[in-house]
Amino acid sequence: MYFKNARHKELFRSFYKKAVLDSDSPEKCFIASLYILSSLAEDHPIVGKSIKQGSINFNLLRKINSESAYALVQLARDLLNPYYWPCASFFHILKSQDTDNNRIAISAIRYRFLF
């Protein structure tokens, strides 16, 4: 996975430990969502409050008012649904032309569907 900086990697590990029990074998869709949300947590502290053991409170994340950040939140939500291909949310990320967000989105989709 691509991490935009050391803090992103640290937050991902922290969220993973918080949300996943050692005995759990989490689904790739959940890990991909945590990965995306960890990229936002440095600028949006509410992300950390939305992650609980085994779940993500997406209603709390509606308070994020940045369009490109909220597009990543939508992608994280879409990746949790095993029967849904996230075309619309991915298009909004690409439209923002933010290189880091594009790489994060592609990395999450790649992890979710290819590995």
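Heads up: the structure comes first, above all this text.
Since the model is a prediction, treat every value here as computed from it, not as a measurement.

What follows is about helix α4 (residues 67-79). Between its terminal C-alpha atoms α4 stretches 18 Å, which fits the 18 Å expected from 13 residues at 1.5 Å a residue. Within α4, burial applies to Ala69, Ala71, Leu72, Val73, Leu75, Ala76, Asp78 and Leu79.

The subject of this paragraph is the side chain of Asn102. Of note, Asn102 is situated in helix α6 (residues 99-114). Ignoring anything within four residues of it in the chain, the contact list for Asn102 reads Ile93, Leu94 and Gln97.

Attention shifts here to the pattern of salt bridges. For the structure on display, the rule yields two salt bridges. Ionic pairing is found between Glu10 and Arg7, a salt bridge with its closest N-O pair at 2.7 Å. Note that Glu10 and Arg7 are positioned in helix α1 (residues 6-19) at a spacing of three residues, about one turn of the helix. Here Arg77 ties to Asp78 by a salt bridge, and the two come within 3.3 Å at their closest N and O atoms.

Moving on: helix α2 (residues 28-40). End to end, α2 covers 19 Å across 13 residues, agreeing with the expected 18 Å (1.5 Å per residue, within 8%). Burial of α2 is extensive: twelve of the 13 residues sit out of reach of the surface. At its buried positions, α2 is contacted by α1, α3 (46-50), β1 (51-52), β2 (55-56), α4 and α6.

Turning next to a nonpolar patch on the surface. Together, Trp85, Phe113, Leu114 and Phe115 line one region of the surface with nonpolar side chains, adding up to about 470 Å² of accessible area. Along the polypeptide, Leu114 turns up in helix α6.

Inspection of the entire model under this criterion finds four aromatic pairs. The interplanar angle of 85° and the centroid separation of 5.6 Å between the aromatic rings of Phe3 and Tyr35 together place this pair among those described as edge-to-face. Taken together, the residues span a long stretch of sequence, with Phe3 in the segment before α1 and Tyr35 in helix α2 at a distance of 32 residues. We classify Phe3 as partly exposed; its relative accessible area is 22%. On the basis of relative accessible area, Tyr35 is assigned to the buried category, the value being 0%. Taken together, the aromatic side chains of Phe3, Phe12, Tyr16 and Tyr35 make up a single cluster linked through ring pairs. One cation-aromatic arrangement involves Arg112 over Phe113; the distance from NZ or CZ to the ring centre is 4.7 Å.

Next up on the list: the packing of α2 against α4. One way to put it is that α2 packs onto α4 with a least axis distance of 8 Å and a crossing angle of 170°. Here α4 runs roughly antiparallel to α2, going by the angle between their axes. Taken as a pair, α2 and α4 cross one another with a handedness that is left-handed. Contacts from Cys29, Ala32, Ser33, Ile36, Leu37, Ser39 and Leu40 of α2 reach α4 at Ala69, Leu72, Val73, Leu75, Ala76 and Leu79. Of the residues assigned to the contact of α2 with α4, the class counts are eleven nonpolar, two polar and no charged.

Cut-offs applied
Residues numbered from 1 in each chain as written. Predicted model: local features only at pLDDT ≥ 70, side-chain atom pairs only at ≥ 80, totals over all residues. Heavy atoms only, no water. Helix = DSSP H or I, 4+ residues; strand = E, 2+ residues; numbered from the N terminus. Expected span 1.5 Å × (residues − 1). Buried < 20%, exposed > 50% of the residue type's maximum accessible area, 1.4 Å probe, protein only. Contact = heavy atoms within 4.5 Å. Salt bridge = Lys/Arg side-chain N within 4 Å of Asp/Glu carboxyl O. Patch = residues over 30% accessible without salt bridge, like charges linked within 9 Å, V, L, I, M, F, W, Y side chains within 5 Å. Areas by Shrake-Rupley, 256 points an atom, 1.4 Å probe, with all protein chains shown as cover. Phe/Tyr/Trp six-rings, centres within 6.5 Å; stacked < 30°, edge-to-face > 60°. Lys NZ or Arg CZ within 6 Å of the ring centre and 35° of its normal. Axes fitted to C-alpha atoms, helices over the stretch in contact; angles between N-to-C directions. Parallel < 35°, antiparallel > 145°, perpendicular 65-115°, else oblique. Left-handed = near helix turned anticlockwise from the far one by under 90°. Nonpolar A, V, L, I, M, F, W, Y, C, P; charged D, E, K, R; others polar.

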